[in-house]
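Observations on the three-dimensional arrangement
Residues per chain are reported as follows:
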Amino acid sequence: MTYPKTERTLVIIKPDGIQRTLIGEIIKRYERVGIKLVAIKMLLPTEEKVEKHYLLDPSWKKNVGEKSIASYEKKGITPPSTDPIAVGNMVVEKLKKYFTCGPVIAMVWEGAHVVEVVRKITGGTEPRSTDVGTIRGDFVLDSYIMADTDDRAIRNLIHASGTVDESAAEIALWFTPNEIIEYSLIQEQILYDVNIDGVLE
Ligand code: ADP
Ligand code: MG
């Protein structure tokens, strides 16, 4: 088995993350685990871009709907809709509004298991129920019920790719190859080298 040290993932600090002045805090959380920032930019996304981004994965609509319905059922509440695709369609429209209300920061992070590690640090979709210690769990309190009541997207500060395949397609949508910089960090020796040489003089 191998572990590609050059696995990459897309992270977007959503407009609420910028407005909450959490840019530094969010970057710090990823940086300190040992992964490498290889691309970063601030931009104003278009609605077309947001729609394209979420529809890259053909199963996303159904998954997002099922997740949302399950969260209501877990609390013993009847969900606003029981059709996952219908929920998915509504969520895309809400996401278009959410992502275009202000600047976002798009980043590419690189390292071993980076997709999984970034998702772990980010936390689950619903800040209300996700773990303390994750970014979403520590810095925001939004919920499915709040978002549905106010007919808007769940404000959870960050987007992070869900799988390695998803990340490749998402990175290609947000960055051109020449915006991604290949370089080494000194710390990669201690993170990845088989032997730790050259520490003692
Ligand atoms: P994640 O961002 O955790 O991967 P999804 O890909 O399932 O979550 O959904 C994308 C984004 O859509 C979420 O981060 C959240 O902002 C929003 N969202 C998901 N489900 C709902 C919902 N039922 N109502 C409102 N917004 C939602
Ligand atoms: Mg997702």
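Rules used throughout
Residues numbered from 1 in each chain as written. Chains lettered and ligands numbered in written order. Predicted model: local features only at pLDDT ≥ 70, side-chain atom pairs only at ≥ 80, totals over all residues. Heavy atoms only, no water. Helix = DSSP H or I, 4+ residues; strand = E, 2+ residues; numbered from the N terminus. Rg over C-alpha atoms; globule rule 2.2 N^0.38 Å. Buried < 20%, exposed > 50% of the residue type's maximum accessible area, 1.4 Å probe, protein only. Contact = heavy atoms within 4.5 Å. Areas by Shrake-Rupley, 256 points an atom, 1.4 Å probe, with all protein chains shown as cover. Lys, Arg positive; Asp, Glu negative; His and termini not counted. Charge placed at Lys NZ, Arg CZ, Asp CG, Glu CD. Arc of directions from axis to C-beta. Axes fitted to C-alpha atoms, helices over the stretch in contact; angles between N-to-C directions. Parallel < 35°, antiparallel > 145°, perpendicular 65-115°, else oblique. Left-handed = near helix turned anticlockwise from the far one by under 90°. Nonpolar A, V, L, I, M, F, W, Y, C, P; charged D, E, K, R; others polar. Near = heavy atom within 4 Å. Polar contact = N/O pair within 3.5 Å; in protein donor to acceptor, adjacent residues only side chain to side chain. Pairing = 2+ DSSP bridges.

1. Remarks on the overall build of the protein chain
Summing up its helical and strand segments, the protein chain has ten helices and four strands in all. What you see in the protein chain, going N to C, is helices and strands ordered as β-α-α-β-α-α-α-β-α-α-α-β-α-α. A compact globule built from 201 residues should have a C-alpha radius of gyration of about 17 Å, and the protein chain, at 18 Å, falls within 12% of that. With respect to the three principal axes, the spread of C-alpha positions in the protein chain is 65 × 35 × 35 Å. Here the protein chain holds 201 residues, and 46% of them are scored as buried. Partitioning the intrachain contacts of the protein chain with sequence separation of at least 6 by distance along the chain shows that 77% fall at a separation of at least 24. For the protein chain, the accessible surface area stands at approximately 11300 Å², while carbon and sulfur atoms represent 55% of it. Taken as two groups, the 25 positive and 30 negative side-chain charges of the protein chain have centres that lie 4 Å from each other.

2. A closer look at the environment of D57
Among the structural elements, D57 can be located in the loop between α3 (47-55) and α4 (60-74). Looking at D57, the relative accessible area reads 22%, which means it is partly exposed. For D57 and R128, which are 71 residues apart along the polypeptide, the C-alpha to C-alpha distance reads 26 Å.

3. Side note on helix α2 (residues 23-31)
Within α2 the residues assigned to the buried category are I26, I27, R29 and Y30. One side of α2 carries all its buried residues, which in axial view fall inside an arc of 155°. Buried residues along α2 sit against β1 (8-13), β2 (36-43), β3 (104-110), α6 (114-122), α7 (135-139) and β4 (158-160).

4. With respect to the packing of α3 against helix α5 (residues 84-99)
As a packed pair, α3 and α5 sit with axes 9 Å apart at the nearest point and diverge in direction by 130°. Here α5 runs oblique to α3, going by the angle between their axes. The handedness of the crossing between α3 and α5 is right-handed. On α5, the residues touching E47, V50, E51, Y54 and L55 of α3 are V92, L95, K96 and F99. Residue composition of the contact of α3 with α5, grouped by class: six nonpolar, no polar and three charged.

5. Some words on the site of ligand 1
Contacts to ligand 1 come from 17 residues, most closely from W60, K67, T125, I154 and N156. The contact in question runs from an oxygen atom of ligand 1 to an N or O atom on the backbone of I154, over 2.8 Å. Those elements that provide at least two residues to the shell around ligand 1 are α4 and α5. Grouping the constituent residues of the shell around ligand 1 by class yields nine nonpolar, three polar and five charged.

6. Regarding the environment of Q187
Mapped onto the fold, Q187 is located in the loop between α9 (164-174) and α10 (188-192). According to the relative accessible area criterion, Q187 is partly exposed, its value standing at 33%. For the pair Q187 and W109, spaced 78 residues apart in sequence, the C-alpha separation works out to 15 Å.

7. A word on the sheet that holds β2
Sheets are built from strands paired through backbone hydrogen bonds, the pairs being either parallel or antiparallel. Taken in spatial order, the four strands make up an open sheet running β2-β3-β1-β4, and their pairing is antiparallel. Looking at which strands have only one partner, the edges of the open sheet turn out to be β2 and β4. The mean angle between the axes of side-by-side strands here comes to 15°, regardless of whether they run parallel or antiparallel. Two elements, β2 and β3, share seven bridges in a ladder whose sense is antiparallel. Looking at the pairing, M42 lines up with I105 of β3. The sheet contacts of α6 involve β1, β3 and β4, and relative to β1 the element is tilted by about 30°.

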